[in-house]
Amino acid sequence: MSTPLGIENISTILVIGAGTMGRQIAMTAALAGYATTIQDISEDGLAGARAELEGWAAGRVAKGKLDEETAAAALGALTYNTDLEASAANADFVIEAATERLDIKTQIFERLGKIAPAHAILATNSSTLGSSKVAGATGRADRVCNMHFFNPALVMKCVEVVRHETTSDATVETTMELARRLGKEPVLINREIPGFVANRLMGAVRREALFLADAGVASIEDIDTTARTALGYPMGPFALMDLVGLDVVNFIDQATYAETGAAEDAPNQRIAALVAEGKLGRKSGAGFYDYK
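From a predicted model like this one, the values you see are computed outputs, not experimental measurements.

Student: An account of the overall build of the protein is needed here, citing residue identities and associated values.
Tutor: Scanning the protein from N- to C-terminus turns up 12 helices and eight strands. Here the C-alpha radius of gyration of the protein, 19 Å, is about what a compact globule of 292 residues would show, namely 19 Å. The principal-axis extents of the C-alpha atoms in the protein amount to approximately 60 × 45 × 35 Å. Considering the protein as a whole, with its 292 residues, one finds that 47% of them fall into the buried category. Within the structure as shown, the protein displays about 13,600 Å² of accessible surface, and the carbon and sulfur contribution to it stands at 52%.

Below, the structure is given as structure tokens:
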């Protein structure tokens, strides 16, 4: 099999998916000087990504947090395409950030295995699905891993790099170094486990916070205040869930529970009820808190 290119030879990155995570991962790569393509099957999705990233860059320039030359270079490094074959043809590194559905991801990785250059590393940004679930479809399982960014990807420093049983050392080393060159602080997870590390830690805190609120021990506001003022958290667990999106939190719970079957991993009914009401957190204007 072909050996993955070393970090010095990676110049072109493909990000699949123009949603919140995909567009921010792509901008992060462009800011680091990589020629970056955002691919999505939706023209509207790509147009939305372009508009948001141009607005973000203009806002950063206006606030003096980004100089005009750097912003222009990053925006110029981005291209947008609905054609996966054309987008993947010259990619050195692919980061899939599509819908969190295994059937869709498997189809994408099967196609990537056929059309991406032999040396390319194929990573998934999935927060719940280990890359072993799609690696076999590529015909190059040794060059597949998770590269899990956190929302908002332009701000959050952590990237979880998760290897599966046949991920090569070269793939891991290159992915870790790429994360560093994107300005991130990667952590290596040596074997797949549902929720990886961050979501498992967050899940433990979240479960206890929900228990305390449901038992009437303290209010949501006071639990969040305690987390901030006693534990030094930048925000409390309820405010964090609202930021991430309660639909995303509920999906992670469902996926983890499907993997483990453990009672403690079962989706929380309070969160499920809020999702059913359309209260998804900040993005919908209401969740545990009201943002309207």
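And the narrative resumes.
Student: Tell me about the layout of surface pockets, and please be specific about residues and values.
Tutor: Size it by volume and the second largest pocket reaches roughly 300 Å³. Around the second largest pocket, the lining is made up of 18 residues, and of these G203, R207, D253, E264 and D265 lie nearest the centre. Of all elements in the fold, only helix 8 (198-214) and helix 11 (246-260) reach the threshold of two or more residues within the lining of the second largest pocket. Broken down by element, the lining of the second largest pocket gets its largest block of residues, eight residues, from helix 8.

Student: Which residues make up the pattern of salt bridges, and what values go with them?
Tutor: Counted by the stated rule, this structure contains 16 salt bridges. D103 is paired through a salt bridge with R101; the nearest N and O atoms lie 2.6 Å apart. On the accessibility criterion, D103 (37% relative accessible area) is partly exposed. Across the pair R180 and E177 runs a salt bridge, and its minimum N-O distance is 3.2 Å. Separated by three residues within a single helix, R180 and E177 lie in helix 7 (residues 169-181), roughly one turn from each other. What makes E177 partly exposed here is its relative accessible area of 24%. Within the structure, one salt-bridge network assembled from shared partners comprises E8, E177, R180 and R181.

Student: Could you give an account of the sheet that holds strand 1 (residues 12-16), naming the residues involved and the relevant values?
Tutor: Ordered by their spatial adjacency, eight strands build an open sheet running 3-2-1-4-5-6-7-8, and the pairing between neighbours is mixed. Of all strands in the sheet, those bounded by a partner on one side alone are strand 3 (78-81) and strand 8 (185-189). Pairs of neighbouring strands in the sheet enclose a mean axial angle of 25°, with direction left out of account. Relative to strand 7 (residues 158-162), strand 6 (residues 144-149) runs antiparallel, the two sharing four bridges. Across the sheet, residue F149 finds its bridge partner in strand 7, namely V159. The strands that helix 1 (residues 20-31) touches are strand 1, strand 2 (35-39), strand 3, strand 4 (93-96) and strand 6; relative to strand 2, the one it contacts most, it runs at about 170°.

Student: If you had to explain the pairing of strand 1 to someone new, which residues and values would you point to?
Tutor: In terms of burial, strand 1 is largely enclosed, as four of its five residues are buried. Regarding the hand of the β-α-β motif, the stretch spanning strand 1, helix 1 and strand 2 is right-handed. Relative to strand 4, strand 1 runs parallel, the two being bridged by four bridges. Residue I13 lies in a different strand from strand 4, and its bridge partner there is F93.

Student: Lay out the packing of helix 2 (residues 43-62) against helix 3 (residues 68-77) with the relevant residues and their values.
Tutor: Contact geometry of helix 2 with helix 3 gives a least axis separation of 9 Å together with a crossing angle of 170°. Relative to helix 3, the element helix 2 lies roughly antiparallel. In contact with L53, E54, A57 and V61 of helix 2, helix 3 contributes E68, A71 and L75. Among the residues forming the contact of helix 2 with helix 3, the class breakdown is five nonpolar, no polar and two charged.

Cut-offs used in this document
- Residues numbered from 1 in each chain as written.
- Predicted model: local features only at pLDDT ≥ 70, side-chain atom pairs only at ≥ 80, totals over all residues.
- Heavy atoms only, no water.
- Helix = DSSP H or I, 4+ residues; strand = E, 2+ residues; numbered from the N terminus.
- Rg over C-alpha atoms; globule rule 2.2 N^0.38 Å.
- Buried < 20%, exposed > 50% of the residue type's maximum accessible area, 1.4 Å probe, protein only.
- Areas by Shrake-Rupley, 256 points an atom, 1.4 Å probe, with all protein chains shown as cover.
- 1 Å grid on protein atoms, 1.4 Å probe; cavity = no way out; pocket = protein on both sides within 12 Å on 5 of 7 lines; lining within 4 Å.
- Points joined across faces, edges and corners; volume = space filled by probe spheres on them.
- Salt bridge = Lys/Arg side-chain N within 4 Å of Asp/Glu carboxyl O.
- Pairing = 2+ DSSP bridges.
- Axes fitted to C-alpha atoms, helices over the stretch in contact; angles between N-to-C directions.
- Contact = heavy atoms within 4.5 Å.
- Right-handed = clockwise from strand over helix to strand, strands pointing away.
- Parallel < 35°, antiparallel > 145°, perpendicular 65-115°, else oblique.
- Nonpolar A, V, L, I, M, F, W, Y, C, P; charged D, E, K, R; others polar.

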